[in-house]
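Here's the letter readout for the chains.
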Amino acid sequence: MEPELRLESSLWVGNKRYRAVLTGWHFNWTEVDKKNREKKTISVPVAEVVGVEEGRIDVLPRKSVEDTDKDFTVFYVKRCSSGSSYGLLWRLGQTQFSCPSRVLRDQWTKHLRTALKTHSPLRPHRLLVFINPFGGKKKGRQTYHSLVAPLFELAGISSHVIVTERANQARDHLLKKDLTGFDGVVCVGGDGMFSEILHGLIGRTQQEAGLCENDPAVTLQPCPLHIGIIPAGSTDCVCYATVGVIDPVTSALHIIIGDSQPLDVGSVHQASALVHYSVSLLGYGFYGDVLAESEKHRWMGPLRYDYSGTKVYLSNRSYAGIVQYLPADPVLSSPRDRTRCLSGCSVCSRSTERLFHHSSDSASLHSSHYSQFSNDSEGEWVTVEGRFKCVSLTCMSSSCPKSPLGLSPSAHLADGTGDLILVWDTHPLGFLKFLYRHTSTQDQFDLPFVEVHRVKAVRFSLPSGKEVEAYEETGAMSGGIDEERIYVETVSRNGSQQQLTERGTEGEVTNEQKTADLFLCGLCCSKAPAVSVWNCDGEILPFTEILCRIHGQLVRLYARGIEDGAVVDNCSEENDLNV
Ligand SMILES: CCCCCCCCCCCCC/C=C/[C@@H](O)[C@H](COP(=O)(O)O)NC(=O)CCCCCCCCCCCCCCC
Ligand SMILES: Nc1ncnc2c1ncn2[C@@H]1O[C@H](COP(=O)(O)OP(=O)(O)O)[C@@H](O)[C@H]1O
Ligand SMILES: [Ca+2]
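Since this is a predicted model, take the numbers as computed values, not measurements.

**Considering the site of ligand 1**
Next up, step 1: Around ligand 1 there are 24 residues in total, and G192, T235, S280, Y305 and N535 lie nearest to it.
Next up, step 2: A distance of 2.8 Å separates an oxygen atom of ligand 1 from a polar atom in the side chain of N535.
Next up, step 3: Out of a free accessible area of 940 Å², ligand 1 has 87% covered by protein chains.
Next up, step 4: Those elements that place two or more of their residues in the shell around ligand 1 are α4 (191-209), α8 (304-315) and α11 (428-437).
Next up, step 5: For the shell around ligand 1, the element with the highest residue contribution is α8, accounting for 5 residues.

**A short note on the pairing of strand β11 (residues 158-163)**
Next up, step 1: Relative to β11, strand β10 (residues 126-131) is paired through 6 bridges, and the arrangement is parallel. Considered in β11, the bridge of I131 is made with V163.
Next up, step 2: On the question of chirality, the crossover connecting β10 to the parallel β11 by way of helix α2 (residues 140-154) is right-handed.

**Points about the confidence of the model for the chain**
Next up, step 1: Mean pLDDT over the chain works out to 84, with 80% of the residues at or above the 70 mark.
Next up, step 2: Contacts for the low-pLDDT stretch residues 359-369, under 50 throughout, to residues beyond four places or in other chains number 19 contacts.
Next up, step 3: For residues 371-379, every residue scores under 50 in pLDDT, and the model assigns this stretch 25 contacts once sequence neighbours within four places are set aside.

**As for the coordination of the calcium ion (ligand 3)**
Ideal donor angles around a metal are set by the shape: a four-donor tetrahedron calls for 109.5 degrees, a six-donor octahedron for 90 or 180 degrees.
Next up, step 1: Protein ligation of the calcium ion (ligand 3) involves D264 (OD), C395 (O), H412 (O), D415 (OD) and T417 (O), the donor distances falling in the range 2.3 to 2.5 Å.
Next up, step 2: Each donor residue of the calcium ion (ligand 3) lies on the same chain, and together they follow the pattern D-x130-C-x16-H-x2-D-x1-T. Here the residue D264 occupies a position in strand β14 (residues 261-270), and D415 occupies one in the loop between β18 (382-394) and β19 (418-424), the gap between them amounting to 151 residues. You'll find D264 and D415 in the same group, each marked buried.

**What about the packing of aromatic side chains?**
Next up, step 1: Tallied over the entire structure, the rule returns 17 aromatic pairs.
Next up, step 2: Judged by centre distance (6.1 Å) and plane angle (70°), the rings of Y144 and F152 are edge-to-face. For the pair Y144 and F152, one class covers both residues: buried.
Next up, step 3: The interplanar angle of 45° and the centroid separation of 4.5 Å between the aromatic rings of Y284 and F460 together place this pair among those described as tilted. Taken together, the positions of Y284 in strand β16 (residues 282-285) and F460 in strand β20 (residues 450-461) put the pair 176 residues apart, joining distant regions of the chain. Of the two residues, Y284 and F460, both sit in the buried class.
Next up, step 4: Ring pairs connect the aromatic residues F27, W29, F72, Y76, F97 and W108, which therefore count as one cluster.
Next up, step 5: The ring of F431 is capped by K389, whose NZ or CZ atom sits 5.3 Å from the centre of that ring.
Next up, step 6: Here R459 stacks its cationic end above the ring of W381, 4.4 Å away from the centre of that ring.

**Details of the nonpolar core**
Next up, step 1: Grouped together as the largest cluster of nonpolar side chains are 46 residues, with contacts concentrated most on F130, F194, I197, I202 and L263.
Next up, step 2: When neighbours within four sequence positions are excluded, I202 is seen to be in contact with E213, L220, C223, V265, Y277, L554 and V555.

**What to know about the site of ligand 2**
Next up, step 1: Taken together, the neighbourhood of ligand 2 is formed by 20 residues, with G136, T164, G190, E196 and S234 sitting nearest.
Next up, step 2: Separating an oxygen atom of ligand 2 from a side-chain N or O atom of N132 is a distance of 2.9 Å.
Next up, step 3: Between a nitrogen atom of ligand 2 and a main-chain N or O atom of R166, the distance comes to 3.2 Å.
Next up, step 4: Taking 570 Å² as the accessible area of ligand 2 by itself, protein coverage stands at 88%.

**Comments concerning the pairing of strand β8 (residues 71-81)**
Next up, step 1: Within β8, 10 of the 11 residues are buried, leaving the element largely enclosed by the surrounding structure.
Next up, step 2: Taken together, the 5 bridges between strand β5 (residues 49-54) and β8 define a ladder with antiparallel strand orientation. Counterpart to G51 in the pairing with β8 is F75.
Next up, step 3: Sheet topology places β8 next to strand β9 (residues 88-98); 11 bridges connect them, and they run antiparallel. Following the sheet pairing, Y76 is matched in β9 by G93.

**Focus: α8**
Next up, step 1: End to end, α8 covers 16 Å across 12 residues, agreeing with the expected 16 Å (1.5 Å per residue, within 8%).
Next up, step 2: For α8, every residue scored as buried is listed here: R304, Y305, S308, G309, V312 and Y313. For α8, the angular spread of buried residues about the axis comes to 150°, placing them on one side.
Next up, step 3: Looking at the buried positions of α8, the neighbouring elements they touch are α7 (286-294) and α11.
Next up, step 4: One or two residues past the end of α8 sits N316, with phi positive at roughly 45°.

Parameters at a glance
- Residues numbered from 1 in each chain as written.
- Chains lettered and ligands numbered in written order.
- Predicted model: local features only at pLDDT ≥ 70, side-chain atom pairs only at ≥ 80, totals over all residues.
- Heavy atoms only, no water.
- Near = heavy atom within 4 Å.
- Polar contact = N/O pair within 3.5 Å; in protein donor to acceptor, adjacent residues only side chain to side chain.
- Areas by Shrake-Rupley, 256 points an atom, 1.4 Å probe, with all protein chains shown as cover.
- Helix = DSSP H or I, 4+ residues; strand = E, 2+ residues; numbered from the N terminus.
- Pairing = 2+ DSSP bridges.
- Right-handed = clockwise from strand over helix to strand, strands pointing away.
- pLDDT = per-residue confidence, 0-100.
- Contact = heavy atoms within 4.5 Å.
- Donors = N, O, S within 2.8 Å, 3.2 Å for Na, K, Ca; no water.
- Buried < 20%, exposed > 50% of the residue type's maximum accessible area, 1.4 Å probe, protein only.
- Phe/Tyr/Trp six-rings, centres within 6.5 Å; stacked < 30°, edge-to-face > 60°.
- Lys NZ or Arg CZ within 6 Å of the ring centre and 35° of its normal.
- Core = buried A, V, L, I, M, F, W, Y, C linked by side-chain atoms within 4.5 Å.
- Expected span 1.5 Å × (residues − 1).
- Arc of directions from axis to C-beta.

Next comes the structure, spelled out in structure tokens:
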């Protein structure tokens, strides 16, 4: 602690006298009664002070209520239990202090501001904000302007706001435009919008580092800019899994105080090309089918997933496939150890050490393991083959309001691994039981037809002859087999990421749409299709045979992971105005 940051004096809040103390890390004020007896203390970590203003201030709308030259107002984070969610809601608390003199007031504001700078080095000064006006319930713009912008203004953050006019605008901006002076990028939208930001920032960082994203063996460069998520989408799983609640004000406060949460990212490859990045769900079978079906019902908003989920469940399909995976070190953690990755997680901290201080570890991965779809399953790769209801890979728990503990409740946000969930073909009631367990604390892996593995990489392929069979079946039904096959082959030869991830501008048919059409055409015919599609964080991938490698802590979010429920709920403290 730097001694000059310490300050102690008597201050008044209303007509009560307090003994206020600023140490390096905390700002405390304790009520003192007329007989000098100390009563309740309120303690705010300096890192959670949002701002300090002279006078008496109100926010939302912001106005100076009274500017006596002996007063100052402190804004800070307060926690409230969220009822249904596991995480805590953050709200803006404010307390108005009166000093005996103006000199003392100036001393307090100066010291508090200096302490803020010293103890929150990652607080953003300038942010680039992308708003998807069509995400979720289409309230992104309103949410940002009414709830988030006033808080940014209060905290002295300047923001450059872009309301997107087309899909991939945010990604393209991040790939090409000047980003000098920005500390972070904020995305107002859902997981799809987050994915755009992710692709833009990872791509830009690799471009600048001269690294080739197409090569799964390359150790990618972590992104220097932080990402903030203001949830305004349908699933909002990345926000829920990293903050614990879906709440724009909570997320805005995490951004303001410069919280930092690293996140693992999977890179998905086909042949020698990068196809997509994934953080929440890379799913084949059920989740792929649900996404393909739901794209037809976008107009339903977030409900489209429940409708399509039920429809796909009732169609009771399973798919043949070969899954190969590279297991992670079982000594470090296990997907069934019943732990949860919480704020300050020790498994993730140890991984930081391993990921960034022993780069020779990752060098050992630069072997033929990543040579695309080679048949050698030498080394540690494990191969399983059969029929699956679904094959899912997630880099984190993927908790969301639908499933508060997530696809893999013990997965870690930043341990450099993903959890591979294999659900073997089973009777419909068994599968329903599996799905239903996601909504409660019951263990969805404790079923005889379910396996879960903590992995560093996964490869998926179709049993020999299946792919041709698949296209022939669908082609026979649609009458368009030749055109489709040529199209897929052309794209894979070009290997252009731009082409692979571009989503439709009007009048033009993209890969995803073609793949979805090809697949959906199978849905409406009596014969079940032999192949499903991959759902990659809400995008349909145009390939079936893929390789995914997990990159530890490739990006950082303005978040801190889910806070332990034992953290005090200080919502109803006396003397504070809850804004
Ligand atoms: C019976 C109840 C079953 C509930 C099962 C819940 C499982 C939920 C797991 C959710 C994992 C979420 C992973 C995140 C994926 C997102 O990246 C991604 C994109 O999100 P965005 O549109 O916001 O941009 N979202 C998705 O792909 C959505 C996947 C959602 C699947 C939901 C499935 C609901 C299933 C309902 C089945 C009901 C069966 C009833 C039978 C009578
Ligand atoms: N202005 C826009 N018009 C159409 N699509 C957009 C626009 N901006 C972003 N998108 C795309 O919309 C998709 C869904 O966005 P998202 O914010 O995740 O909402 P949701 O959670 O409802 O799917 C994303 O894939 C994103 O690329
Ligand atoms: Ca992980």
